[in-house]
Amino acid sequence: MSKKPSMLIVGAGAIGSFYGAILKKAGCAVSVVVRSDYEAIKEHGIRIESPLGDLSFAPDHVYRSGDMPETYPDFLILCVKVLPGVDRAAMIAPWMGENTRLVLIENGLDIEQELVDAYPYNPLISCLAFAAVSRVDSGIVEHKAFGKLVFGRYPQGIDGGCQILAALFRDGGINVELTERVVGERWRKCLWNTPFNPLSVIANGADTRTLVDTDGGEELMRAMMREVMEVAAADGYPMDESLIDKNIASTRKMPAYKNSMALDYLNGRPIERDAVLGSVVAIAKRHGIAVPHLNTVLVTLKMRAALEGRA
Ligand SMILES: NC(=O)C1=CN([C@@H]2O[C@H](COP(=O)(O)OP(=O)(O)OC[C@H]3O[C@@H](n4cnc5c(N)ncnc54)[C@H](OP(=O)(O)O)[C@@H]3O)[C@@H](O)[C@H]2O)C=CC1
Ligand SMILES: CC(C)(CO)C(=O)C(=O)O
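Everything quoted here is computed from the prediction, not taken from an experiment.

Analysis parameters
Residues numbered from 1 in each chain as written. Chains lettered and ligands numbered in written order. Predicted model: local features only at pLDDT ≥ 70, side-chain atom pairs only at ≥ 80, totals over all residues. Near = placed C-beta within 6 Å. Helix = DSSP H or I, 4+ residues; strand = E, 2+ residues; numbered from the N terminus. Nonpolar A, V, L, I, M, F, W, Y, C, P; charged D, E, K, R; others polar. Domains from an automatic or database assignment. Core = buried A, V, L, I, M, F, W, Y, C linked by C-beta atoms within 7 Å. Buried ≥ 20, exposed ≤ 12 C-beta atoms within 10 Å, placed from the backbone. Contact = placed C-beta atoms within 7 Å. UniProt positions renumbered as here; feature names shortened; annotations may be inferred. Expected span 1.5 Å × (residues − 1). Bend = angle between axes of the 7 residues up to and from the residue. pLDDT = per-residue confidence, 0-100. Pairing = 2+ DSSP bridges.

Enquirer: If you had to explain the site of ligand 2 to someone new, which residues and values would you point to?
Expert: Taken together, Asn107, Phe130, Ala131, Ala132, Phe146, Asn193, Asn197, Asn259, Ser260 and Met261 form the complete shell of residues around ligand 2. Listing elements by their share of the shell around ligand 2, those giving two or more residues are strand S7 (124-137), helix H6 (182-202) and helix H10 (260-266). For the shell around ligand 2, the leading source of residues is S7, giving three residues. Looking at side-chain class alone, the shell around ligand 2 contains five nonpolar, five polar and no charged residues. Counting the residues that make up the shell around ligand 2, at least three belong to each of domain 1 (6-180) and domain 2 (184-307).

Dropping the structure here:
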């Protein structure tokens, strides 16, 4: 059997640890770059509590910022939060070889270009995770449910690297959908994340049930989704209006759930406000589209950040 590709996860938090474990299960060498969890992971490896069974693993190498690799990975999978002031291109520089494929498993819109600009000759695979995963302690991750990945080459297409990666994730037990138009898929995911994630923060870390069941909550979500749809259509990514009903119905079917931004807020960590919401409002401005609901939520979050000294 031919050798499996090598993987390096940069930012082995909830998502990075979980999908790293899946690739380990598929037979890949999986190394990690970590920050605050370095000592714990170096000593005990990564423990994953999951309905899929025991996925715990010891990474092949555990690096921290500034370390140099023995060899460059075939795939570098970036799973850090997308935050202003965090230079993701500089962060991965020591590990990006000439033939390394860069994979992003991160939320948000318009998050790829700065990496394409920094690494124009490395193929970039942009990836959306539909998973409920959280870090419960250093090196300990709880996978609550789901796990499907949707990905494709950025800005479009499906190449051999996508096919190889999809086969590995499937071998590890994950449902994968490949897409020719990954930016369109980012818009479809933002249809949910852009209203739900920021509003859960304004509502003090509220879960999905509270957001849709509170009097006026569902209408507010629908109004925000309509604005996201209008901006997406102006940007060349029209969506079927029925997706709004589908999003509300599937949210109602889920048990009460706190999204990743609600968890960041509740744990005092910075939130991906600009990647998930600010980017949509910026694109709306470029197209001259009024998005009063989205803008109100964005400005309210900025006020809150200003009060907390985070701006
Ligand atoms: N969790 C979920 O269920 C879902 C998350 N997502 C998206 O996935 C992405 C990752 O989220 P998630 O895994 O939840 O986030 P986490 O905060 O759990 O993980 C991010 C990890 O990156 C690490 N990190 C940050 N900066 C560096 C650095 N300079 N060097 C090394 N490591 C670094 C953090 O370390 P430290 O502890 O030191 O900060 C942390 O371990 C986000 O874009 C999120 O929106 C998408 C769908 C679902
Ligand atoms: C879709 C969802 C809610 C989890 O898969 C997510 O993207 C998040 O938690 O930010």
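Enquirer: An account of the nonpolar core is requested, with residue identities and associated values reported.
Expert: As a rule of thumb, nonpolar side chains are buried together in soluble globular proteins. Counting residues in each nonpolar core, the largest one holds 87 residues, and the members touching the most others are Val10, Leu76, Ile77, Leu78 and Val103. The element contributing the most residues to this core is H6, with nine residues. Among the domains, domain 1 (6-180) and domain 2 (184-307) are the pair contributing at least three residues each to this core. Sequence-distant contacts of Ile77, defined by excluding residues within four places in its chain, comprise Met7, Leu8, Ile9, Gly16, Tyr19, Val103 and Ile105.

Enquirer: Go over unusual backbone geometry with me, naming the residues and quoting the values.
Expert: Omega for the bond connecting Tyr154 with Pro155 falls within 30 degrees of zero, at 5 degrees, which places this linkage in the cis form. Within the element layout of this structure, Pro155 appears in the loop between strand S8 (140-153) and helix H5 (160-171). You will see that Asp110, though not glycine, has its phi angle at about 65 degrees, which is positive. Secondary-structure assignment places Asp110 in the loop between strand S6 (101-105) and helix H4 (113-118). Phi at Asn204 is positive, roughly 60 degrees, even though this residue is not glycine.

Enquirer: Could you give me a rundown of the site of ligand 1, with the residues and numbers involved?
Expert: Around ligand 1, the structure places 28 residues, and the nearest of them are Gly11, Gly13, Ile15, Arg35 and Asn107. Elements with a contribution of two residues or more to the shell around ligand 1: helix H1 (14-25) and S7. The greatest single-element share of the shell around ligand 1, amounting to six residues, is contributed by S7. Looking at the shell around ligand 1 residue by residue, the classes come out as 14 nonpolar, eight polar and six charged.

Enquirer: Could you give an account of the UniProt feature "domain: Ketopantoate reductase C-terminal" (unreviewed entry) in the protein, naming the residues involved and the relevant values?
Expert: On the UniProt side, "domain: Ketopantoate reductase C-terminal" (unreviewed entry) is annotated at positions that read residues 183-303 here. Annotation note: span residues 183-303, helix share 74%, strand share 0%, distance between end C-alpha atoms 30 Å.

Enquirer: Can you tell me about H6, naming the residues and giving the values?
Expert: The terminal C-alpha atoms of H6 lie 29 Å apart, and with 21 residues this matches the ideal 30 Å at 1.5 Å per residue to within 8%. Considering bend angle alone, the principal kink of H6 is centred on Cys190 and spans about 40 degrees. When you tally the buried positions in H6, you get 17 out of 21 residues, the bulk of the element. Phi turns positive one or two residues past the end of H6, at Asn204, with a value near 60 degrees.

Enquirer: Kindly report on the UniProt feature "domain: Ketopantoate reductase N-terminal" (unreviewed entry) in the protein, identifying the contributing residues and their values.
Expert: Under the local residue numbering, the UniProt record ascribes the feature "domain: Ketopantoate reductase N-terminal" (unreviewed entry) to residues 8-155. Along residues 8-155 one finds 20% helix and 34% strand; the C-alpha atoms at either end are 22 Å apart.

Enquirer: Any details on the domain arrangement of the protein? Residues and values, ideally.
Expert: We note that the domain assignment places domain 1 (6-180) and domain 2 (184-307) within the protein. Inter-centroid distance (C-alpha atoms) of domain 1 to domain 2 is 25 Å. Classifying every residue of the side of domain 1 that touches domain 2 gives eight nonpolar, four polar and two charged.

Enquirer: Explain the confidence of the model for the protein to me, using residue names and the numbers behind them.
Expert: Scored by pLDDT, the protein comes out at a mean of 96, with 99% of its residues at no less than 70. Scored as a complex, the prediction yields pTM 0.97 and ipTM 0.98.

Enquirer: Help me get a handle on the pairing of S6, residues and values and all.
Expert: Within S6, five of the five residues are buried, leaving the element largely enclosed by the surrounding structure. Taking every second residue as pointing to the same face, both faces of S6 are buried, with Arg101, Val103 and Ile105 on one and Leu102 and Leu104 on the other. With four bridges connecting them, strand S5 (residues 75-78) and S6 associate as parallel partners. Among the inter-strand pairings, Leu76 is bridged to a residue of S6, identified as Leu102. Sheet analysis places S6 next to S7, joined by four bridges and oriented parallel. Directly across from Val103, in S7, lies its bridge partner Ile125.

Enquirer: Help me get a handle on the environment of Leu102, residues and values and all.
Expert: In this structure, Leu102 sits in strand S6. Overall, the presence of 27 C-beta atoms within 10 Å leaves Leu102 in the buried class. Taking the C-alpha atoms as reference points, Leu102 and Leu243, 141 residues apart in sequence, are found 30 Å from one another. Setting aside residues up to four positions removed in sequence, Leu102 forms contacts with Leu76, Leu78, Leu115, Tyr119, Asn122 and Leu124.

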